[in-house]
Amino acid sequence: MSSPVSADNQGLLDEAEQGSSLWQDAWIRLRKNRMAVAGGITLLVFMVLAILTPWIAPYGYETQDLDLGASAPSAAHWLGTDVFGRDVLTQIMYGGRVSLAVGFIATAVALLIGVTWGAVAGYVGGRVDAVMMRMVDILYALPFMIFIVLLMVVFGRNVLLLFLAIGAVEWLTMARIMRSQVQSLRQQEFVEAAISLGLSPTAIIRKHVVPNALGPIIVYTTLTIPSVMLLEAFLSFLGLGIQPPQTSWGLLISYGAETMEEYPWLLIFPGLALTTTLFSLNFLGDGLRDALDVRGSKD
Amino acid sequence: MLRFVLSRLLQAIPVIFIVITATFFLVRAAPGGPFDAEKVVLPEVKRALEAQYRLDLPLHEQYFAYLKDLAQGELGPSFKYPGRSVNEILFSGLPVTAELGLYALLIALLIGVTAGVFASLKPNTRQDYIPMSLAMIGICMPSFLLGPLLVLVFGIYLEWLPISGWGAIPGDKILPSITLGAAYAAYVARLSRAGMLEILSQDYIRTARAKGLPEWMVVAKHALRGGLIPVVAFLGPAFAGLLAGSFVVETIFQIPGLGRFYVQAAFNRDYTMILGTTVFLSSLIVLFNLMSDVAAAWLNPRLRSQISGGGK
């Protein structure tokens, strides 16, 4: 079984791989989905803005103008100022850096744990699989929102801990998806064919299992980022997430909600920034799901 | 069926046990104790207080004493509200949170199922796009943003509805229920659309149509039952989410429910209160997950035979 693949067979395999233009097909399908494309572009713009914020923000992050106080949107301050006379646009841009960073880093943590856990459980199978998935089931039943609130209260508002706590909640579904992917792929004819051609298990995993499992993982990753960002915003709203002097969209919304009667722009603009981002991510995720779903492309 | 329910109940025991143990040691590992906030506490008073709440015992003894009390349904005295037990406080907050959750769930089901079924009947037309785009907005709009916005529009600008309280002024239950239910309505709409689309392409629907059944009968009698299974399966997690989400809504609208007690307890280091709320909420969530699994099995005959077979 583990004899090296002959040169002929390797050539055949390479050719077959090039022929399967799953990613090209997906890309074409994705481009046709206008909402997904718009979401993707919006996200790119937001990310570029977030990266460039220290250079392009209209005002300094700590610049105050106490004489001005809270003012409605104007030519000097496009989105108005808060009670300390701080520029809202600047605040939103800096807050966006934190919110987006939390979204991406916590999702990366979830991805790392989930994919590894699921792949091992699915590939090894048997008793190891049963024990590992049992643990996932038990963790699923824990009321995590409660635990995160508890963690943040107990160990203080540590941003690193926030990433870890959120990542620790979100990996479970990722593990389940990865496991079921690996399991079903192991029984597919093309994997059997690869085995009979004498490919080693590592080569099979690398060339056949991972690329094929990647679709659902990418889709679910895109859909995890918004739920992570929402969680961060929720915690910040409760006063348990990001702490001043740092800021995030959740924190800005929380402050805005306190003074919305007098200064509604302090609530509306950060809310708009968060909602637009979540909207874009969800549409992009949905678009990717449709584009990468090979079964769906038949009908 | 009975066997399925029993085995699920047995499986719930380790879950609850892990919750209790983790929470117990977590709150005690936290910096700061429940009596630190008191301005002047004489050392002997503090000792007496600690003795009263058994905080002077070694940690493992505290743990076993707590488990023993818990086995008798006793959640212990509250640290922050002297003279009141956690049981009392929980049962004063529970009806409020339960009522809020119930209204929110009803709103979610009513709006969600209607919109989802409606959209599924004419996929990829305007009848589909409009409700589904609205659903996406509902998913993307967090309750802590939707709540204040609703208050701003309906409470402050239009002055149609009261902006806080629960049961004091007529109509004050409307805004909190909508705020809590909106996101779930959106999820239910998407789930019921997807479920209905799948069922409507099945052979037995074609058979029903071929029999000459009017379309509304096809939908109401044959498609809904299968098409709503995903929604039923979602109800358990949804209820869990509603309980957790009620923190925010109860804070925004100043509603004296469980959620507010929980957040306050965590801030106050009220050990017994945190533990009691956590245990209570976890048990409720496990129970509701079980109920939604049973309901989903009852709706889906294929799953039912699997369950009564006793296999995995």
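Position numbers for residues count from 1 along each chain, tracking the sequence in the order it is written. Each chain takes a letter, starting from A, and each ligand takes a number, starting from 1, following the order in which they are written. At least 70 in pLDDT is required for a residue's local features to be given in this predicted model, at least 80 for side-chain atom pairs to be given and counted, and no such filter applies to totals for whole chains, interfaces and linings, which use all residues.

A. The overall build of chain A, seen in detail. Elements are defined by DSSP. Helices are runs of H or I of four residues or more, strands are runs of E of two residues or more, and each kind is numbered from the N terminus. For chain A, the helix and strand inventory stands at 11 helices and zero strands. Helices and strands appear in chain A in the N-to-C order α-α-α-α-α-α-α-α-α-α-α. Working definition of burial: number of other C-beta atoms within 10 Å of the residue's own, with buried at 20 or more, exposed at 12 or fewer, and partly exposed in between, all C-beta atoms being placed from the backbone. Out of the 299 residues belonging to chain A, those deemed buried represent 43%. By definition, residues are in contact whenever their C-beta atoms, placed on the basis of the backbone, come within 7 Å of each other. At a minimum sequence separation of 6, the contacts of chain A that also span at least 24 residues come to 70%.

B. How the structure looks around the overall build of chain B. When you go through chain B residue by residue, the secondary structure sums to 13 helices and zero strands. Order of helices (α) and strands (β) in chain B, N terminus to C terminus: α-α-α-α-α-α-α-α-α-α-α-α-α. Scored against the burial criterion, the 312 residues of chain B give a buried share of 40%. Within chain B, counting contacts between residues at least 6 apart in sequence, those at least 24 apart form 74% of the total.

C. The arrangement of unusual backbone geometry in detail. Its identity is not glycine, yet B:Gln254 carries a phi of approximately 50°, on the positive side. Here B:Gln254 lies in the loop between helix 10 (229-252) and helix 11 (258-268).

D. Inspection of the interface of chain B and chain A at higher detail. At the interface, 33 residues of chain B touch 26 residues of chain A. Listing elements by their share of the side of chain B that touches chain A, those giving two or more residues are helix 1 (2-29), helix 5 (126-140), helix 6 (143-157), helix 10, helix 11 and helix 12 (271-299) of chain B. When residues of the side of chain B that touches chain A are assigned to their parent elements, the largest contribution, eight residues, is made by helix 1 of chain B. Considering only residue class, the side of chain B that touches chain A consists of 29 nonpolar, four polar and no charged. For this classification, Asp, Glu, Lys and Arg are treated as charged, while Ala, Val, Leu, Ile, Met, Phe, Trp, Tyr, Cys and Pro are nonpolar and the rest, including Gly, are polar.

E. Region of interest: the confidence of the model for chain B. Residues and elements named next belong to chain B. pLDDT runs from 0 to 100 and stands for how confident the predictor is about each residue. Mean pLDDT over chain B works out to 78, with 90% of the residues at or above the 70 mark. Averaged pLDDT values over the elements of chain B bottom out at 56 in helix 13 (residues 301-308) and peak at 87 in helix 4 (residues 86-121). Contacts of residues 307-312 to residues separated by more than four positions or lying in other chains number six contacts, the stretch itself having pLDDT below 50. We note a pTM of 0.75 for the whole complex and an ipTM of 0.70 for its interfaces.

F. The environment of B:Thr207, seen in detail. Residues and elements named next belong to chain B. Assignment of secondary structure puts Thr207 in helix 8 (residues 203-210). By C-beta crowding, Thr207 is classed as exposed, having 12 other C-beta atoms within 10 Å. In the structure, Thr207 is positioned 11 residues away from Val218 in sequence and 9.7 Å away in space, judged by C-alpha atoms.

G. Geometry of the packing of helix 4 (residues 88-124) of chain A against helix 11 (residues 265-292) of chain A. Residue and element names in this part refer to chain A. Where helices are involved, their axes are fitted lines through C-alpha atoms of the stretch in contact, as for all axes, and angles between N-to-C directions lie from 0 to 180°. In the contact formed by helix 4 and helix 11, the axes pass within 10 Å of each other and the chain directions differ by 35°. For the element pair helix 4 and helix 11, the recorded crossing hand is right-handed. Across the interface between the two elements, Val88, Ile92, Gly95 and Gly96 of helix 4 pack against Trp265, Leu266, Phe269, Pro270 and Ala273 of helix 11. Residues that form the contact of helix 4 with helix 11 fall into these classes: seven nonpolar, two polar and no charged. Crossing handedness is defined as follows: a turn of the near helix away from the far one that is anticlockwise and smaller than a right angle gives a left-handed crossing, while the clockwise case is right-handed.

H. Just the packing of helix 4 of chain A against helix 9 (residues 201-237) of chain A, in detail. Residue and element names in this part refer to chain A. Viewed as axis vectors pointing N to C, helix 4 and helix 9 meet at an angle of 130°, and their least axial separation amounts to 8 Å. Overall, the two elements helix 4 and helix 9 adopt an arrangement that is oblique. Along this stretch, helix 4 crosses helix 9, giving a crossing that reads as right-handed. Each of Ser99, Val102, Gly103, Phe104, Ala106, Thr107, Ala110, Leu111 and Val115 in helix 4 lies in contact with helix 9, whose residues at this interface are Ile217, Thr221, Thr224, Ile225, Val228, Met229, Glu232 and Ala233. Between 65 and 115 degrees an angle is taken as roughly perpendicular, under 35 as roughly parallel, over 145 as roughly antiparallel, and anywhere else as oblique.

I. Region of the structure containing helix 11 of chain B. For helix 11 of chain B, the complete set of buried residues consists of B:Leu258, B:Gly259, B:Phe261, B:Tyr262, B:Val263, B:Ala265 and B:Ala266. Note on helix 11 of chain B: the residue one or two positions beyond its end, B:Arg269, has a positive phi of about 60°.

J. The arrangement of helix 5 of chain B in detail. Each residue after the first adds 1.5 Å to the expected span of a helix. Taking 1.5 Å of rise per residue, the 15 residues of helix 5 of chain B would be expected to cover 21 Å, and the 21 Å separating its terminal C-alpha atoms lies within 8% of that figure. Buried within helix 5 of chain B are the following residues: B:Pro131, B:Ala135, B:Gly138, B:Ile139 and B:Cys140. Packing partners of the buried residues in helix 5 of chain B comprise helix 11 of chain A together with helix 4 and helix 7 (174-200) of chain B.

K. Layout of the confidence of the model for chain A. Residues and elements named next belong to chain A. Mean pLDDT over chain A: 78, with 87% of residues reaching 70 or higher. Least confident of the elements in chain A is helix 1 (residues 7-19), whose mean pLDDT is 51; most confident is helix 3 (residues 34-56), at 87. In the model, residues 1-5 has pLDDT below 50 throughout and makes 10 contacts with residues more than four positions away in sequence or in other chains. Low pLDDT (under 50) marks residues 294-299, which in the prediction has two contacts with non-local residues, meaning those over four places away or in another chain.

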